[in-house]
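The primary structure of each chain is shown beneath.
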Amino acid sequence: GFVVALARSGRRIVVPPGTSILEVLRAAGLRVQAACEQGVCGTCETQVLEGTPDHRDMILSDDEKAGGRSMMICCSGSRSEVLVLDL
Ligand code: FES
């Protein structure tokens, strides 16, 4: 697992293994945009301020994935212990 830190509210939320960021944010009461929830539509794209996403979507190019500035929170995880999102 890892922690998502929400830059706008300062909240920190644990994402357990096997759970998506989207799921934990919804469970925490946040309204987040999503549609396919399989990494193919791009609706859930979220800006990454700090940390290294573990990209598992089909949307971002290899360059975008390497850049690490945004991610699909429905399916992608984190390679770092903390991921700071622009939420
Ligand atoms: Fe479609 Fe995340 S909801 S890519």
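Bear in mind the structure is a predicted one, so any value in this text is a computation, not a measurement. (Residues numbered from 1 in each chain as written. Predicted model: local features only at pLDDT ≥ 70, side-chain atom pairs only at ≥ 80, totals over all residues.)

Q: Explain the nonpolar core here, please?
A: A general tendency of soluble globular proteins is for nonpolar side chains to be buried together. Residues V4, I21, L22, C44, M72, I73 and C74 are the most contacted members of the largest nonpolar core, which totals 16 residues. For this core, the secondary structure elements donating two or more residues are α1 (21–27), β5 (70–72) and β7 (82–85). For this core, the element with the most residues is α1, which contributes three residues. Setting aside residues no more than four positions away along its own chain, V4 makes contact with I13, V15, I21, L83 and L85. (Core = buried A, V, L, I, M, F, W, Y, C linked by C-beta atoms within 7 Å. Buried ≥ 20, exposed ≤ 12 C-beta atoms within 10 Å, placed from the backbone. Helix = DSSP H or I, 4+ residues; strand = E, 2+ residues; numbered from the N terminus. Contact = placed C-beta atoms within 7 Å.)

Q: When you look at the environment of M71 in this model, what are you seeing that I'm missing?
A: Of note, M71 is situated in strand β5. Considering only alpha carbons, one finds M71 and C36, 35 residues apart in sequence, at a separation of 14 Å. Residues within four places of M71 in sequence aside, it is in contact with T46, V48, P53, H55 and S76.

Q: What exactly am I supposed to notice about the sheet that holds β7 here?
A: Strands in a sheet are paired, the pairing made by backbone hydrogen bonds, and the direction either parallel or antiparallel. Across the sheet, which stays open at both edges, the five strands sit in the order β2-β1-β7-β3-β5 with mixed pairing between neighbours. Pairing within the sheet leaves two strands with one partner each, and these edge strands are β2 (12–15) and β5. In this sheet, adjacent strand axes meet at a mean angle of 40° when their direction is disregarded. Pairing of strand β1 (residues 2–6) with β2 involves four bridges; the strand directions are antiparallel. Looking at β2, one finds that F2 is bridged to V15. (Pairing = 2+ DSSP bridges. Axes fitted to C-alpha atoms, helices over the stretch in contact; angles between N-to-C directions.)

Q: I would appreciate a short explanation of the pairing of β1 in the present structure.
A: Here is the key point about a regular strand: its side chains alternate between the two faces of the sheet. In this structure, the hairpin formed by β1 and β2 is closed by a connection of five residues, where G10 is found at a positive phi of approximately 80°. Taken together, the four bridges between β1 and β7 define a ladder with parallel strand orientation. Bridge pairing in β7 places A5 opposite V84.

Q: Hey, could you run me through the confidence of the model for the chain in this one?
A: Caution applies to low-pLDDT parts of the model: their predicted coordinates are not meant to be read in detail. Taken over all residues, the pLDDT of the chain has a mean of 97, while the share at 70 or more is 100%. Per the prediction output, this complex has pTM 0.96; the corresponding ipTM is 0.99. (pLDDT = per-residue confidence, 0-100.)

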